[in-house]
Each structure stands twice: as structure tokens, then as C-alpha cells.
Amino acid sequence: MSLERGQFSSKLGFILAAAGSAVGLGNLVAFPVMASKNGGAAFLIVYLFFVLFLCYPVMMAEIAMGRRTQRNPVGAFAELSGGSRFWHSVGKLAIITPFMIAVFYTVITVWLVVYIERLLVGDLSVLAEESTFGEVVAEPDLFVYLFLLLGLVFFILLGGVKGGIEKLARVLMPALAIMLIILTLFVLTLDNASAGIAYYLVPDFSKINLSVINGALSQAFFSLSLGMGILITYGSYFSREDNIPSSTRMVAIADTSIAFFAGLLILPAIFAFDPNTNTDELSTSSVGLIFSFLPKIFLSMQVAVGYVGATIVATLFFILVFFAALTSLVSIVEIPIAYLIDEWCVSRRRAIAIQATALTIFTIPATMSLGISDFFTNFTSYGGLTRSFFDVVSNVFYETILPFVGFTVCIFCAYRWKMSGLSSELVIGDDEFEGSLLQKYLNFALGTVIPLVLFVVFVSTVNQIYFA
Ligand code: PHE
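Note that the coordinates shown come from a computational prediction; the quantities given were computed from them, not determined experimentally. (Residues numbered from 1 in each chain as written. Predicted model: local features only at pLDDT ≥ 70, side-chain atom pairs only at ≥ 80, totals over all residues. Heavy atoms only, no water.)

### Some remarks on the pattern of salt bridges
Note the cut-off: By convention in these notes, a salt bridge is any Lys or Arg side-chain nitrogen within 4 Å of a carboxyl oxygen on Asp or Glu. For every residue, the accessible area obtained with a 1.4 Å probe (protein chains only) is divided by the maximum for its type, and the residue is called buried under 20%, exposed over 50%, and partly exposed between those limits.
In this structure the tally under the stated criterion is 11 salt bridges. Salt-bridge contacts for Lys207 lead to Asp204; the nearest nitrogen and oxygen are separated by 3.8 Å. Accessibility expressed as a relative area gives 29% for Asp204, which makes it partly exposed. Here the salt bridges share partners, and the residues they tie into one network are Arg67, Arg68, Arg240 and Glu425.

And the structure:
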């Protein structure tokens, strides 16, 4: 085992870092919109069901794989399978996937930085104009922000697991929670906010159909950072004295609570803007919502709190989203670094240099995909639409491969590592696991219903994106 491997300082350090990874754009934007469009509390119930019965077991399995082997996803699959070439390749999927997801997540985070800068110079009214987003993403200046952001991410990662990743989460996660509470309380004082709350919390079961159920599962999976090799890697930094089932539960609760509160912030804000909002018209894409729609909502608050007040609220919101995105980005960029340290036996510095070079090379075309370069903007077409390089990366890795990696983790744990292997790791640090209902449930479901459901989601996503 490499001497360069780090470890979290405590159970709390692990929980904060894993929650830092989990809480991201998915919680702050995608979840509230999905919930409001798909039956409010009815969607919430379906979502909670999936978190509890599907995602929680897969989270524990990923963390246990990492902690048992003390290695990155490739090393973990290889070691637990006794050196099988096939599983070694599956492990590689859990390195390439986070790498490619990091590519497009970086690009979105760069836009957040640009928006924060624009707000700080007083440009809220400009950001609220219809054409601004299209202009921002097509400006060659983006590269300046891109390089600054990449510099920041790699600087944090140079600090290592404890001094970099964990320290960042210890500062940003509490800050994020406080900002979310302040903003939510403020928004709830606006006129018509109660219409938004009602819309969010009154269940409408008639909206629930197969595609909503499918969406709820994908969202839960994505939101908890599953299928990206992140939890395997973070598990490898988790002490063997600590309790996996209870720590995992805390991460899932933190992630889900933040998603829930984000709904209490965004929907009342939207309804305060226009009490007759038809939520069917809300953009499904988180990107469209944050960058095009929300600035308008913030600008409208000037009636209540003046232009400066509205700018402060908008700035706080964008900083909040930026913090969430930064902790997620750091977590995902770490995965290939852990791989290089473990499998190529290079120092952490060197692994960071390699990863920084690779990520820079890939983020450049992704940044140019929204207008800067014609070639990358109209990169290819499938499913009846023209797709940019950015779209391809997002469709293939973000939307398609995640449930598939989750599926392979279940099959691997149930049939290759075997349930007895997984159980023997989960009992360490948890005296109550042996013989518990949770253990019985895992024994039953991890090799049957869970992978089956994930496989169905995978097939239906492929169908929807590529053959629509
Ligand atoms: N869980 C994150 C979210 O909800 C997803 C993510 C994690 C994306 C890590 C990239 C990196 O947004």
C-alpha cells in the first residue's frame, strides 16, 4: 500500500467530506424543480423510498469496498475479485466516469464564478436579461476563470485528504447550511411565498408515473454521489474503528435534508415572483434554471428590498451554490488521483500534476462547446438532436453510466465478493449489524431487486436519450 494514502481525521470528518461531495447542483436546483413538477410531496415520498431502500445499501457497499481494500475503485475491484481482469476493467469504468463528469462539472462551476463576479460589480439587472447566459458561456474570457478555478481545486487537493478535502468540507459545509437557512427564512417572508410552500408540500399522486419514478431514482443516485467511485475512494480513507452503517445514514440524511430545504427556498421564491406560476413551464435543466431563470426572480425582489438588497440575496445564493459545487468537484477530481497514487505508485504531487494536465486538456473543448467553437458546439447528433461535446460527456457519463456502475457494484458485492465478505466489513465498528434487520435486507436485496431496478433505469435512460 502506498505511503501517500491519506485518511480522514474522524468519523465527523468523513461525514462532512462525503456530504460535501453529495450536496451539489443536484440538491440545490434539480431536486426542487423535479419535486415541484412531479407532484410535490408525492415525489418526495417516492424519492425517500429510493434513498432508503436502494441508495443506502449501495452507498454502504461502495464504502465497505474501499475501506476493506484501502484502495481506489480499480484497486478495490481487482483485489476483492482476486485479480480478475474483467473486474479490473469494471473498476476502470469507475475512474473514467468521475474523470469525465469532472470535465463538465468544472465548466458549470466556471459559469458560477462568472456570475458571482458579475453580481459583485452590480450587474444583477444584466444577468436577468434573457440573452445574458448565452453570451456568458460563449465568451473567450471564460478561460481565465477556468484556469483560476482549476488552480484552486488542485491547490486544495495538494493539501491531501485531511488538510485539503476534509478541511474544505469542515469550513464550507457549515457555511452552506447557515446560508441556506438565512436565505430560506428571508424568502419565506415574501408575499405569496405560502403559495410556493403549498405547491411544494401538498402531495399530488396523480403526477406519479413510470418516468417520474425513473427520474426519482436517477436523481437520488446522482445526488448521493453513487456510481462515481467517490464513495469507494472515500471509504478507503475511513478509519476501521468507525461505523459504516451509521455514518452512511448521516450522509444520506444530510444530503436529503439539504435538497428538501432547497425546495423551501426556491419554490416560494418563484411563486413570490409570480403567484400564477405554472410549474410545467419551469426548465427541467438545472443549468437553465440557475443561470437564466433565477436571476430574474432575484431581480424582482428589488420591490421588497431594493436593488442592493436583491443583489445581496442573489450573491449569497450563487456563493451557496458555488460552495456546494466546489466540494463536489474536489471529491470527483480526487478519484483519478487516488488511482494514480495506488496503481501507478506515484507521489501525490505527481498524481496531481498528471490529473491537472489531463483535466485541463479535456475541459478546454468542453468550455468551447457553447458557442466559442463551432466544431465542439455542433459536435455530433443522436436521438434527433445536435449535441455539443459538453452534451456528449454529460449524456454518456452523467446520465447513462452512473446507474450502470451502481448495478455492477451490487452484482460484484453479491456474487463475487459475496455477501459474507461485505457483512464481515460492515460489522467492523458496528456491534449491532450482525443479525440486524439491515443485514437481512442487504442479504436479500443487494443481489436481486436493487440491481434489477438499476438495470431497468439504465435501459430506459439509454432508450430515452439515444433512441428518442
Ligand atoms: N452529488 C452531487 C450533486 O448532487 C453530484 C456530483 C458529485 C457531481 C460529485 C459531481 C461530483 O450535485
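### Some remarks on helix α2 (residues 25-37)
Selection rule: Comment: elements are numbered from the N terminus, with helices defined as DSSP H or I runs of at least four residues and strands as E runs of at least two. For a helix, the expected span equals 1.5 Å multiplied by the residue count minus one. Axes are fitted to the seven residues ending at a residue and to the seven starting at it; the angle between these axes is taken as the bend at that residue.
In a regular helix each residue adds 1.5 Å, so 13 residues correspond to 18 Å; α2 covers 17 Å between its end C-alpha atoms and thus fits that length. Of all bends in α2, the biggest is about 35°, found at Phe31, and the proline Pro32 comes one to four residues later. Most of α2 is tucked away, with 12 of its 13 residues classed as buried. Buried within α2 are the following residues: Leu25, Gly26, Asn27, Leu28, Val29, Ala30, Phe31, Pro32, Val33, Ala35, Ser36 and Lys37.

### Here's the deal with the environment of Ala64
The following threshold applies: We call two residues in contact whenever any of their non-hydrogen atoms come within 4.5 Å of each other.
The residue Ala64 is located in helix α3 (residues 41-69) in this model. Judged by its relative accessible area of 0%, Ala64 is buried. Sequence spacing of Ala64 and Thr311 is 247 residues, and the spatial spacing of their C-alpha atoms is 45 Å. Ignoring sequence-local partners within four residues, the contact set of Ala64 consists of Ile244, Trp417, Leu422, Glu425 and Leu426.

### A few points about the site of the ligand
How we decide: Any residue with a heavy atom positioned within 4 Å of a molecule or strand is treated as near that molecule or strand. Here a polar contact is recorded for every N or O atom pair within 3.5 Å, except that within protein the pair must consist of a potential hydrogen donor and a potential acceptor, and residues adjacent in sequence are included only if both atoms are side-chain atoms. Surface exposure here means Shrake-Rupley accessible area, sampled with a 1.4 Å probe, where a residue is shielded only by the protein chains that are shown.
Residues in close proximity to the ligand total 16 residues, the closest being Ala22, Leu25, Gly26, Phe222 and Ser223. Within the backbone of Ala22, one N or O atom sits 2.7 Å away from a nitrogen atom of the ligand. A distance of 3.3 Å is found between a nitrogen atom of the ligand and a side-chain nitrogen or oxygen belonging to Ser225. In the complex, 100% of the free accessible area of the ligand, which totals 320 Å², lies under the protein chains. Sorting the residues of the shell around the ligand by element identifies α1 (11-22), α2, α5 (85-120), α11 (210-223) and α15 (302-343) as the ones contributing at least two each.

### Digging into the packing of α3 against helix α20 (residues 437-445)
For any two helices packed against each other, one specifies the inter-axial angle together with the distance between the axes. For clarity, the threshold we go by: Each axis is a line fitted through C-alpha atoms, and for a helix only the stretch in contact is used; angles between axes span 0 to 180 degrees, taken between their N-to-C directions. We call two directions roughly parallel when the angle between them is under 35 degrees, roughly antiparallel when it is over 145, roughly perpendicular when it lies between 65 and 115, and oblique otherwise. In this classification, Asp, Glu, Lys and Arg are treated as charged, Ala, Val, Leu, Ile, Met, Phe, Trp, Tyr, Cys and Pro as nonpolar, and every other residue, Gly included, as polar.
The N-to-C vectors of α3 and α20 enclose an angle of 95°; their axes lie 11 Å apart at closest approach. When the axis of α3 is compared with that of α20, the two are roughly perpendicular. On the side of α3, the interface is formed by Phe53, Tyr56, Pro57 and Met60, while α20 contributes Leu438, Tyr441 and Leu442. Residue composition of the contact of α3 with α20, grouped by class: seven nonpolar, no polar and no charged.

### Some remarks on the packing of aromatic side chains
The way to describe two aromatic rings as a pair is by their centre distance and the angle between their planes. Heads up, the rule is: In summary, the pairing rule links any two rings of Phe, Tyr or Trp, Trp by its six-membered ring, whose centres are within 6.5 Å, and it sorts them by plane angle into stacked for under 30 degrees, edge-to-face for over 60 and tilted for everything else.
Inspection of every chain in the model, using the stated rule, returns 46 aromatic pairs. Ring centres of Phe8 and Phe14 lie 5.9 Å apart, and the angle between their planes is 65°; on these two criteria the pair is classed as edge-to-face. Classification of Phe8 as buried rests on a relative accessible area of 3%. Look at Tyr339 and Trp344: their rings are 6.3 Å apart centre to centre, the planes differ by 65°, and that puts the pair in the edge-to-face class. A connected cluster of aromatic rings, assembled from ring pairs, spans Phe104, Trp111, Tyr115, Phe133, Phe222, Phe291, Phe298, Phe317, Phe318, Phe390 and Tyr398.

By themselves these figures say nothing about function.
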